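Fold and contact review
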Amino acid sequence: MPTLLGKRKRRAVASNNTEAEDLAAAQMAQEIFQRHFEAQFKPLAIPKIPESAPIEDDEDSKEEEELEWDGISEEEEGVKVVEHTDAYARMAAMSKQQLKAFMTSKPPTNKPSTPIIRDDVGGKIDADDVSEAANLKKDLALQRLISESHLLDSSSHTLSGKNRHKALDMRIQALGSKGSILRQEKMPMSHRKGIEAKKKSDEEKRRNEAKENGVILERATGTKTGKVKKELSRKRDRGVGAPGIGQFKGGTLKLSKRDIFEVEGPKRSAGKNGRGGRGGGRGGRGRGRG
Amino acid sequence: MSAPDPKFLSFTSQKSLTARLILSTLTGKPIRVSQIRSTSTTPGLAPHEVSFLRLLDSITNGSRATFSHTGTMFHYEPGLIMGSIDGQGAIGEVTDCSLPNTITRGVSWFLTPLCILAPFAKKPVNVRFSGEGVITGATECGDVSVDTVRTAILPLYEKFGISTAKLEIRVLQRSCAGPGGKGGGGVVELKFGSQVRLPKTLHLHRSPGRVRRIRGVAYCTGVSSSNNHRMIHVARGILNPLVADVHIATQYDQAPLVSSGDKNSKSGKKTTGIGFGISLVAESSVDGVLYSADVASPSRGGVTSEDIGKQCAYQLLEVISQGGCVTKVGTETVLVLMAMGSEDVGRLRLGRDVVGTEDAIGLARDLQKFGASSWGLRDVDEDDSGDIIVTVKGIAVGNVARKIA
């Protein structure tokens, strides 16, 4: 045990005394390596490292630090607050809507803008109202706004004049009207012909131009191919409440044989299933005709 | 020199020339103005005055102006105010007014009197100011910017029953005053589409209320757009502690190009009208009461944008301190419309410093000379603001083209 103790003591002493020697030895080794390396390859361009001072005790370094750094003077006790706000960037500019209202070419108006959502009688719908009825009204108003928004112009938020009539027409058509109320029904024939001809020539011109320029347009409907006409004749619109069959003329509904046949359907021929001769002949005749 | 024709009303000097010309046109009384800059080294009418006469000629029918040889005297016989009609000085229902590059006044000097005439025209008045003399910004002569005309003067028309929905001032190209304060390269379109039979009179004799919000436009042409922000920053710094609602829009434009005037290259262009400025408008809690201020950088330069912003904010505060319901900028418009309007007595509350200017008193004298009834002035006794209530009786000149038989 004593020997061990002695050894330990000696080693401890040695480590204390020869720190600098160890450092020198390490540098020597480095040098040897470097020489060996440079013998084989090119000499290295090593930046000169300033001689590092041997590390001193903690207490000493603390004292040194306090001596060197004199950033905070003794009078300043509190924390110094430096506020940097980029005032220019954060400038409360006008909102886009405000800017639009103010920077138009028109003199700015300070009237509150009228709400777009209105119910049928023109009254405002309260925004906070959550009742079912109010929601339905809002739905309707929104639907109308979406479908008629193209008619609204920038000057007013309500429909007026010609646009109001257009919107009304659209609503009537959406409810199932056959034609537009704006279409002029009666007109001198020459006018009508002129209008039709003009329409046709415009369309032709458009198509020709598109063709010349290599633009592909939608498929031509109506007039040229007559497809639409065929379709129309195949399924005639009979209107609401009118009989779905026959021809109503002069207060009487006339049913052709064909109509009757279509209602009755093909006769199960008596002869075949042996149901007796009742109507068999007729059935046969009908079949013959069909 | 022969004795002046008795049918002409005689005036001297070039002061308030536009007011006299429009009053002459409205009342249909010919005028004779003499001694125009007769003692100056550049005697006679200045380029902007000639341009204004030309403009009057193009929107009226049958007006005639004859000048003396030196230009120090002229006769003006007014015609009917027609507006912009094709074939009578207008193309495509737009009258073109080209201003030469020697003009030192801002385009607002033309716009304000033109707007007073416009409600009495037969057809809408659409005038396009172009050419090398259009300065849209404020000038050192004291002309306001186009933005102030739009945001502070045009709204006054609403009170007279003239719908502002059809009024438009479109600034297609901004420009500050060019080198030496002369010329610019701006393009401005005025559309005045509301013509009335007879403007209603005005009753603005109550308290002008308190300033509720401040709006404005900071503009710069041909200089860094950071100037806008610098002006706004300083102006807001002054105004924000007083009113919370301060919003100023920014407008940046490239410098306008005008022909360089170089003999060798005809197509050569040069930039002009470089500068920046700010226009502020304070809106009161009372409907229709507006205070405005306008400052622009001088054409020689050397002023920082911070100074311009500060100056404008202080100018606005000064205008507000003068009180009244209409400021100096708007008095001519309001008082002339009241005098020409319906045969009622209108009342207008004005600040003492606004009434006491040469312009206002001169306008009263001119109106009297043209046959309008004289003003009544009395102090406001409701409060100790020291304002004056001006009562003006209209003479119902109205719109000749819209007379109902």
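None of the values given here were measured: they were computed from a predicted structure.

The next thing to look at is the environment of E93 of chain B. Residue and element names in this part refer to chain B. Examined against the element boundaries, E93 turns out to sit in the loop between β7 (90-91) and β8 (94-99). We classify E93 as partly exposed; its relative accessible area is 46%. Between the C-alpha atoms of E93 and G83, which are ten residues apart in sequence, the distance is 8.8 Å. Residue contacts for E93: discarding those within four places in its chain leaves S84, D86 and N126.

On a regular strand, each side chain points to the face opposite its neighbour's, so the side chains alternate between the two faces of the sheet. Residue and element names in this part refer to chain B. Across the two faces of β8 the burial differs, with T95, C97 and L99 buried and V94, D96 and S98 not buried at all. Here β7 runs beside β8; their pairing, made up of two bridges, is antiparallel. Bridge pairing in β8 links I91 to V94. With five bridges joining them, β8 and strand β9 (residues 125-131) adopt parallel strand pairing. Looking at β9, one finds that L99 is bridged to G131. Handedness of the β-α-β unit built from β8, helix α3 (residues 108-117) and β9 comes out right-handed.

All names here are of chain B. Strands sit in the order β1-β2-β5-β4 across an open sheet of four strands; the sheet is mixed. Both edges of this open sheet fall to β1 (9-12) and β4 (64-67), since each of them pairs with a single strand only. Pairwise comparison of adjacent strand axes, ignoring direction, gives a mean angle of 15° for this sheet. Docked against the sheet, helix α1 (residues 17-27) engages β1, β2 (31-34) and β5 (74-77), running at close to 35° with respect to β5.

This paragraph deals with the nonpolar core. Residues and elements named next belong to chain B. Grouped together as the largest cluster of nonpolar side chains are 102 residues, with contacts concentrated most on F129 and Y157. The residues that make up this core include at least three from each of domain 1 (210-321) and domain 2 (326-402). In this structure F129 touches L55, C97, L99, V107, F110, L111, L114, V134, G186, V187 and V188, once residues within four positions along its chain are discounted.

A word on helix α5 (residues 226-239) of chain B. Residues and elements named next belong to chain B. With 14 residues, α5 extends 20 Å between its outermost C-alpha atoms, agreeing within 8% with the 20 Å of an ideal straight helix rising 1.5 Å per residue. Among the residues making up α5, those that are buried are N227, N228, M231, I232, V234, A235, R236, I238 and L239. As for α5, its buried residues are in contact with β13 (211-221), β14 (246-253), β17 (275-284) and α6 (305-322).

When the parts come together, some accessible area is lost, and that loss is often what is quoted as the size of the interface. Taken together, the contacts link 17 residues of chain A with 28 residues of chain B. Carbon and sulfur atoms supply 62% of the area that chain A and chain B bury against each other, a total of about 1,900 Å² over both sides. For the pair chain A and chain B, the number of links is zero salt bridges. Considering only residue class, the side of chain A that touches chain B consists of eleven nonpolar, five polar and one charged.

All names here are of chain B. Under the defined criterion, the tally for this structure stands at 24 salt bridges over all chains. Salt-bridge contacts for E189 lead to R128; the nearest nitrogen and oxygen are separated by 2.8 Å. In this pair, E189 sits in strand β11 (residues 187-192) while R128 sits in strand β9, placing the two residues 61 residues apart along the sequence. When its relative accessible area of 29% is taken as the criterion, R128 is described as partly exposed.

The next thing to look at is the packing of aromatic side chains. Residue and element names in this part refer to chain B. Per the counting criterion, the structure on display carries eight aromatic pairs over all chains. Between F52 and F110, the aromatic rings sit 6.4 Å apart at their centres with planes inclined by 45°, giving tilted as the arrangement. Note that F52 is positioned in helix α2 (residues 47-59) and F110 in helix α3, a separation of 58 residues in sequence. Accessibility expressed as a relative area gives 2% for F52, which makes it buried. Taking 5.4 Å as the distance between ring centres and 75° as the angle between the ring planes, the aromatic pair formed by Y157 and F192 counts as edge-to-face. One end of the pair, Y157, is in the loop between α4 (146-153) and β10 (167-173); the other, F192, is in strand β11, and 35 residues separate them in sequence. Using a relative accessible area of 0% as the deciding quantity, one classes Y157 as buried.

Once that is clear, we can look at the sheet that holds β9 of chain B. All names here are of chain B. Ordered in space as β7-β8-β9-β11-β10, the five strands form an open sheet in which the pairing is mixed. The outermost strands of the open sheet, each flanked by one partner alone, are β7 and β10. Pairing analysis gives six bridges linking β10 to β11, with the strands arranged antiparallel. Residue I169 lies in a different strand from β11, and its bridge partner there is L190. Against the sheet, α2 contacts β8 and β9, and its axis sits at roughly 165° relative to β8.

Time to look at a positive patch on the surface. All names here are of chain B. A contiguous patch of positive charge on the surface is contributed by K122, K123, K166 and R402. By secondary structure assignment, the location of K122 is in the loop between α3 and β9. Residue K122 is classed as partly exposed on the basis of its relative accessible area of 38%.

What counts, and at which threshold
- Residues numbered from 1 in each chain as written.
- Chains lettered and ligands numbered in written order.
- Predicted model: local features only at pLDDT ≥ 70, side-chain atom pairs only at ≥ 80, totals over all residues.
- Heavy atoms only, no water.
- Helix = DSSP H or I, 4+ residues; strand = E, 2+ residues; numbered from the N terminus.
- Buried < 20%, exposed > 50% of the residue type's maximum accessible area, 1.4 Å probe, protein only.
- Contact = heavy atoms within 4.5 Å.
- Pairing = 2+ DSSP bridges.
- Right-handed = clockwise from strand over helix to strand, strands pointing away.
- Axes fitted to C-alpha atoms, helices over the stretch in contact; angles between N-to-C directions.
- Core = buried A, V, L, I, M, F, W, Y, C linked by side-chain atoms within 4.5 Å.
- Domains from an automatic or database assignment.
- Expected span 1.5 Å × (residues − 1).
- Buried area = accessible area lost by both parts, 1.4 Å probe.
- Salt bridge = Lys/Arg side-chain N within 4 Å of Asp/Glu carboxyl O.
- Nonpolar A, V, L, I, M, F, W, Y, C, P; charged D, E, K, R; others polar.
- Phe/Tyr/Trp six-rings, centres within 6.5 Å; stacked < 30°, edge-to-face > 60°.
- Patch = residues over 30% accessible without salt bridge, like charges linked within 9 Å, V, L, I, M, F, W, Y side chains within 5 Å.
- Areas by Shrake-Rupley, 256 points an atom, 1.4 Å probe, with all protein chains shown as cover.
- Lys, Arg positive; Asp, Glu negative; His and termini not counted.
- Charge placed at Lys NZ, Arg CZ, Asp CG, Glu CD.

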